[in-house]
Amino acid sequence: MKALIVYCHPSAGSFNHAVLETILTELRSQAIEHRVIDLYAERFDPCMSLDDWTEYEDTSCNTSRIAQHVESLRWCDSLVFVYPTWWFGQPATLKGWLDRVLVPGVAFNMPTDETPRITHSLRHINRLGVFTTCGASFWLTKAIGSPGKRVLMRGLRTCLATRAKTAFAAHYLMDSSTERSRARHLERVRTKTRKLFGIPARKPGMVGGYPEKVEQTA
């Protein structure tokens, strides 16, 4: 297994970072190969430039400015996202990553005379994990239509292997979270990560909690 984790949060002391560390602990426990793309740490530019837009459908050059990200996407067979939900969707930096990296020839192929429909190019990815935090409640998010979840769990999911395994976990009402609610959520993250990657459950007491000081906002 080869896991690519796309992480998006500006603070290393955030609860999202604790979620990331929880996932990494599980992957390391089984020596699962993994890479982390920390979008804020590398100062990823989410804005699609005029050059990006002009070359968008030209597969001979449309990955020239994001080649390393594309290489990691083609390398992995498992894709995991960790991010806060802001205004019911992905942060601008992560949305920009989707716009700039999941281009024709990478995530999908544009229609041609021989193939009149869009086809998908990420069939080698057979696991998708989405772990997020939300300031809103579950019911409000659901009433809005869960747009952030739909983008990845429905939209991106169509580009992956037909029977790709999926995992989703969100801590709702993050702004009023408690130590207990955060601990319970990290346990959900551990459980879902183990199931997604087929990792056997650990013995009690072998897994640490989240960092003592973490920001309580999404």
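Residues numbered from 1 in each chain as written. Predicted model: local features only at pLDDT ≥ 70, side-chain atom pairs only at ≥ 80, totals over all residues. Heavy atoms only, no water.

Digging into the environment of T93
Along the chain, T93 falls in helix α4 (residues 92-101). Judged by its relative accessible area of 11%, T93 falls in the buried class. C-alpha of T93 to C-alpha of F197: the two residues are 104 residues apart in sequence and 27 Å apart in space. In this view, T93 contacts C8, L39, Y40, F44 and P46; residues no more than four positions away in its chain are not counted. (Helix = DSSP H or I, 4+ residues; strand = E, 2+ residues; numbered from the N terminus. Buried < 20%, exposed > 50% of the residue type's maximum accessible area, 1.4 Å probe, protein only. Contact = heavy atoms within 4.5 Å.)

Description of a nonpolar patch on the surface
Together, M48, L50 and W53 make up an exposed nonpolar region whose accessible area comes to about 380 Å². If you trace the backbone, M48 turns up in the loop between β2 (33-38) and α2 (50-54). Among the residues examined, M48 registers a relative accessible area of 34% and is labelled partly exposed. (Patch = residues over 30% accessible without salt bridge, like charges linked within 9 Å, V, L, I, M, F, W, Y side chains within 5 Å. Areas by Shrake-Rupley, 256 points an atom, 1.4 Å probe, with all protein chains shown as cover. Salt bridge = Lys/Arg side-chain N within 4 Å of Asp/Glu carboxyl O.)

Regarding the packing of aromatic side chains
Centre-to-centre distance and the angle between the planes together describe a pair of aromatic rings. Scanning the model with the defined rule gives four aromatic pairs in all. On the basis of an interplanar angle of 75° and a centroid distance of 6.1 Å, the ring pair of F81 and W97 is categorised as edge-to-face. Taken together, the residues F81 in strand β3 (residues 78-85) and W97 in helix α4 connect sequence positions 16 residues apart. W97 sits in the buried class, given a relative accessible area of 0%. What links up through ring pairs into an aromatic cluster is the set F138, W139 and Y172. A cation over an aromatic ring shows up here: R35 above the ring of W75, its NZ or CZ 4.1 Å from the ring centre. (Phe/Tyr/Trp six-rings, centres within 6.5 Å; stacked < 30°, edge-to-face > 60°. Lys NZ or Arg CZ within 6 Å of the ring centre and 35° of its normal.)

Details of the pattern of salt bridges
For the structure shown, the criterion picks out 10 salt bridges. Linking K95 and D99 is a salt bridge whose minimum nitrogen-to-oxygen distance equals 2.8 Å. Highlighted residues: K95 and D99, both in helix α4, separated by four residues, approximately one helical turn. With a relative accessible area of 29%, D99 lands in the partly exposed category. Bridged by salt links that share partners, the residues E26, E187, R190 and R194 form one connected network.

Considering helix α7 (residues 179-197)
The end-to-end C-alpha distance of α7 is 27 Å, a good match for the 27 Å that 19 residues give at a rise of 1.5 Å each. Those residues of α7 lying buried are R182, H185, L186, V189, R190, T193, R194, L196 and F197. Lining the buried residues of α7 we find β1 (2-7), α1 (15-29), β3, β6 (127-134) and β7 (165-171). At the exit of α7 stands G198, carrying a positive phi of roughly 65°. (Expected span 1.5 Å × (residues − 1).)

From the geometry alone we can't say anything about function, so treat these as descriptive.
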